[in-house]
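Structural characterization, general
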2 protein chains.
Amino acid sequence: MCQLLGMNCNVPTDICFSFEGFSSRGGKTDEHRDGWGIAFFEGVGCRIFLDEKPSVLSPIAELVRQYPIKSTHVIAHIRKATFGVVALENCHPFQRELWGRYWVFAHNGDLPDFDPENTPFYHPVGQTDSERAFCLILNTLRQSFPAGKPPLSQLYPILQAVTRTIANSGSFNYLLSDGEHFFAHCSTKLCYVVRQAPFAAAHLIDADITVDFQELTTPRDRVAIITTVPLTDNEAWTTLQPGELLVFQDGLPLASDVLGDG
Amino acid sequence: MCQLLGMNCNVPTDICFSFEGFSSRGGKTDEHRDGWGIAFFEGVGCRIFLDEKPSVLSPIAELVRQYPIKSTHVIAHIRKATFGVVALENCHPFQRELWGRYWVFAHNGDLPDFDPENTPFYHPVGQTDSERAFCLILNTLRQSFPAGKPPLSQLYPILQAVTRTIANSGSFNYLLSDGEHFFAHCSTKLCYVVRQAPFAAAHLIDADITVDFQELTTPRDRVAIITTVPLTDNEAWTTLQPGELLVFQDGLPLASDVLGDG
């Protein structure tokens, strides 16, 4: 199993505080030692840091902890290998291009019965069930909308349908984004918190570190943090329900009536 | 214009010495300040570091200079913007997946007259002529070999033909690799050196640094360094001829009789 961390905001924000706690779980406070990765969107551009080393030992993770990269859409992952060896090609998040945008995906869970037919456009490079699921999602979106990215109200029901199909094969918690929309699917375990005015102090569970967000923010800022297990012990985390597929925008989950919920 | 740096070896090797000199040209010894990037293959896995900051100022470039990442196929780029703004999405190298492998591409030159028709599989995310050319190359390979990667003798003439077509629109020096094969095309300016036993000391042009490779290597090691302008002042760099498309393997360019040269 693995753990997920996502961030969606209305203004570019660094993830140093959350990543400090999250990356501790990659070998210090928890056992997800088999690699890690993080993707930062900056407009349509995207940079991904990957390492098959444990996140508590990786010099690249140390850079990410120390160097504030500001982004509105971030997806991170720490891995405990189940399918696929410990290797760079099996580290999440995975990236592909669709409709002239980068899409990024990370998965928590196991899909033991998942064996999709060979998909025409996107092929996995590594051996994980996760990358196979990502390829099937993008193939489905591409075949459903060959002319380009449709409005969210058309895209959402198709994504929801293919997600349900895959989730029938096991547990399928995931984060998915193209830098515009930010999708979070709960199969068994996922939660989020929205930080907005009035901001308060937050204290990490995995390290004795407190940040007072009031000192670092403006009243208009809004940040959603989505993760497998809460990162702080003094904030009100909302638990997603099994089968729930949320879309975050500007640091808030969208109401279901704009999603074309099928 | 921009500059290219590539490395192909028979055993995984770090590129810290060459990258030290090369990255100096991103704002210190030369004017390529508009972003940089580097891709490292490790087996079929690939990690890319990108930054729109000058390579002499980027904390991520500092990590790459200091942290020895061992790889057999490396492609790096420093950018001086001509087409496309200074932004993350316009930093080379670019990456796409084809036939279940990652392909990585970086370009030096300008293609002012290059305006390919919309290509069916791969679409550019940024605004550079370079990414459009990369998408056309991959589309051509994909359409020519829909069933999967062909032998090099079949792939090479197709790559050579599409390269010539694109090169007719301007200057088109590039490095391209999927972690198995390493292609280097010279349109106007590209050179290489092969380091092998007996190893000697090499001295950088862009920084007063000397490394004695004899102390760091075994007699079987072989490393090819490919770049726009020589990095050292005491080694014999071989200049590629305009129109030449070399394939490096295990640190050596392959002889043309194995390439199906068209």
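Residues numbered from 1 in each chain as written. Chains lettered and ligands numbered in written order. Predicted model: local features only at pLDDT ≥ 70, side-chain atom pairs only at ≥ 80, totals over all residues. Heavy atoms only, no water.

- Labelled according to an unreviewed UniProt entry, chain A appears under the name Class II glutamine amidotransferase, originating from Stenomitos frigidus ULC18.

**Brief notes about the overall build of chain A**
- Within chain A one finds four helices and 15 strands.
- In chain A, buried positions account for 60% of the 262 residues.
- Here the contacts in chain A between residues at least 6 apart in sequence split such that 71% fall between residues at least 24 apart.
- Summed over all atoms, the accessible surface of chain A reaches about 9600 Å², with 51% contributed by carbon and sulfur.
- For chain A, the centre of its 19 positive side-chain charges and the centre of its 30 negative side-chain charges are spaced 2 Å apart. (Helix = DSSP H or I, 4+ residues; strand = E, 2+ residues; numbered from the N terminus. Buried < 20%, exposed > 50% of the residue type's maximum accessible area, 1.4 Å probe, protein only. Contact = heavy atoms within 4.5 Å. Areas by Shrake-Rupley, 256 points an atom, 1.4 Å probe, with all protein chains shown as cover. Lys, Arg positive; Asp, Glu negative; His and termini not counted. Charge placed at Lys NZ, Arg CZ, Asp CG, Glu CD.)

**Some points on the UniProt feature "domain: Glutamine amidotransferase type-2" (unreviewed entry) in chain A**
- Residues annotated by UniProt as "domain: Glutamine amidotransferase type-2" (unreviewed entry) correspond here to residues 2–251 of chain A.
- Taken end to end, residues 2–251 of chain A comprises 20% helix and 33% strand; its first and last C-alpha atoms sit 24 Å apart. (UniProt positions renumbered as here; feature names shortened; annotations may be inferred.)

**Structural notes on the relation of the copies chain B and chain A**
- Mapping chain B onto chain A leaves a residual RMSD of 0.0 Å; the transformation is a rotation of 180° accompanied by 0.0 Å of translation along its axis. Here the two chains are linked by the operation of a two-fold rotation axis.
- Looking at the interface residues of chain B, 97% of them are also at the interface in chain A, so both copies use one shared face. (Least-squares fit on C-alpha atoms with pLDDT ≥ 70 in both.)

**Focus: helix α3 (residues 129–144) of chain A**
Residues and elements named next belong to chain A.
- Between its first and last C-alpha atoms α3 spans 23 Å; for 16 residues at 1.5 Å apiece the expected length is 22 Å, and the two agree.
- Along α3, 12 of the 16 residues are buried, which leaves the element largely enclosed by surrounding structure.
- Among all positions of α3, only Asp129, Ser130, Glu131, Ala133, Phe134, Cys135, Leu136, Ile137, Leu138, Asn139, Leu141 and Arg142 are buried. (Expected span 1.5 Å × (residues − 1).)

**Considerations on the nonpolar core**
- With 55 residues, the main nonpolar core has Trp103, Ile137, Leu159 and Phe183 of chain A as its most contacted residues.
- Of all hydrophobic cores here, the second largest spans 53 residues; its members include Leu175 and Ala224 of chain A together with Val125 and Leu155 of chain B. (Core = buried A, V, L, I, M, F, W, Y, C linked by side-chain atoms within 4.5 Å.)

**A few points about empty space enclosed by the protein**
- Inspection of every chain in the model, using the stated rule, returns four cavities of 30 Å³ or more.
- Its boundaries defined by the atoms lining it, the largest cavity holds a volume of some 320 Å³.
- The greatest single-element share of the lining of the largest cavity, amounting to five residues, is contributed by strand β3 (residues 45–51) of chain B.
- Volume-wise, the second largest cavity comes out at about 120 Å³.
- Around the second largest cavity sit 14 residues that line it, and Arg96 and Glu97 of chain A together with Arg96, Glu97 and Tyr122 of chain B are the ones nearest its centre.
- Grouping the amino acids of the lining of the second largest cavity by side-chain chemistry returns six nonpolar, two polar and six charged. (1 Å grid on protein atoms, 1.4 Å probe; cavity = no way out; pocket = protein on both sides within 12 Å on 5 of 7 lines; lining within 4 Å. Points joined across faces, edges and corners; volume = space filled by probe spheres on them. Nonpolar A, V, L, I, M, F, W, Y, C, P; charged D, E, K, R; others polar.)

**Focus: the pairing of strand β14 (residues 245–249) of chain A**
Residues and elements named next belong to chain A.
- With respect to burial, β14 is a largely interior element, four of its five residues being buried.
- With four bridges connecting them, strand β8 (residues 182–185) and β14 associate as antiparallel partners. Opposite Ala184, over in β14, you have Leu246 as the bridge partner.
- Inspection of the sheet shows β14 paired to strand β15 (residues 252–253) by two bridges, in the antiparallel sense. Within the sheet, the bridge partner assigned to Phe248 lies in β15 and is Pro253.
- In sequence, β14 turns back onto β15 through a hairpin of two residues, with Asp250 there showing a positive phi of about 55°. (Pairing = 2+ DSSP bridges.)

**Looking at unusual backbone geometry**
- With an omega of -5°, the peptide bond running from Ala197 of chain A to Pro198 of chain A counts as cis.
- Here Pro198 of chain A shows up in the loop between β9 (191–196) and β10 (201–203).
- Going from His92 of chain B to Pro93 of chain B, the amide bond is cis rather than trans, its omega being -5°.
- Along the chain, Pro93 of chain B turns up in the loop between β4 (71–79) and β5 (94–98).
- Positive phi outside glycine occurs at Trp99 of chain A, with the angle close to 55°.
- You can call Trp99 of chain A buried: its relative accessible area is 17%.

**Some words on the interface of chain B and chain A**
- Facing the 32 residues of chain B at the interface are 31 residues of chain A.
- Summing both sides of the interface, chain B and chain A together bury roughly 2700 Å²; the carbon and sulfur share of this comes to 56%.
- The interface formed by chain B and chain A holds six salt bridges in total.
- Ionic pairing is found between Arg47 of chain B and Asp51 of chain A, a salt bridge with its closest N-O pair at 3.0 Å.
- Summed over the shared surface of chain B and chain A, the number is 18 residue pairs in polar contact (both at pLDDT 80 or more).
- For the side of chain B that touches chain A, the secondary-structure elements that each account for two or more residues are β2 (36–42), β3, α2 (59–66), β5, β6 (101–108) and α3 (129–144) of chain B. (Buried area = accessible area lost by both parts, 1.4 Å probe. Salt bridge = Lys/Arg side-chain N within 4 Å of Asp/Glu carboxyl O. Polar contact = N/O pair within 3.5 Å; in protein donor to acceptor, adjacent residues only side chain to side chain.)

**A short note on the packing of helix α1 (residues 16–24) of chain B against α2 of chain B**
Residue and element names in this part refer to chain B.
- As a packed pair, α1 and α2 sit with axes 8 Å apart at the nearest point and diverge in direction by 145°. Here α1 contributes Cys16, Phe19, Glu20 and Ser23 to the contact with α2, which in turn contributes Ala61, Val64 and Arg65.
- Grouping the amino acids of the contact of α1 with α2 by side-chain chemistry returns four nonpolar, one polar and two charged. (Axes fitted to C-alpha atoms, helices over the stretch in contact; angles between N-to-C directions.)

**A short note on the sheet that holds strand β14 (residues 245–249) of chain B**
Residue and element names in this part refer to chain B.
- Read from one edge of the open sheet, six strands run β5-β6-β7-β8-β14-β15, paired in antiparallel fashion. Two strands in the sheet have a free side with no partner beyond their single neighbour: β5 and β15 (252–253).
- Where α3 meets the sheet, it contacts β5, β6 and β7 (173–177), and its direction lies at approximately 15° from that of β5.

**Focus on the packing of aromatic side chains**
- Enumeration according to the criterion identifies 24 aromatic pairs over all chains in this entry.
- A ring pair is formed by Phe17 of chain B and Phe213 of chain B, whose centres lie 5.6 Å apart and whose planes are at 85°; its orientation type is edge-to-face. Of this pair, Phe17 of chain B sits in helix α1 while Phe213 of chain B sits in the loop between β11 (210–212) and β12 (222–227), and the two are 196 residues apart along the sequence. Like Phe213 of chain B, Phe17 of chain B is buried.
- One aromatic cluster is present, formed by Phe40 and Phe49 of chain A together with Phe40 and Phe49 of chain B through successive ring pairs.
- A cation over an aromatic ring shows up here: Arg142 of chain A above the ring of Phe121 of chain A, its NZ or CZ 4.5 Å from the ring centre. (Phe/Tyr/Trp six-rings, centres within 6.5 Å; stacked < 30°, edge-to-face > 60°. Lys NZ or Arg CZ within 6 Å of the ring centre and 35° of its normal.)

**Remarks on the environment of Phe248 of chain A**
All names here are of chain A.
- By the secondary structure assignment, Phe248 is in strand β14.
- Phe248 sits 67 residues away from His181 along the chain, and the two C-alpha atoms are 6.8 Å apart.
- Setting aside residues no more than four positions away along its own chain, Phe248 makes contact with Asn8, Phe182, Ala184, Tyr192, Ala224, Ile226 and Pro253.

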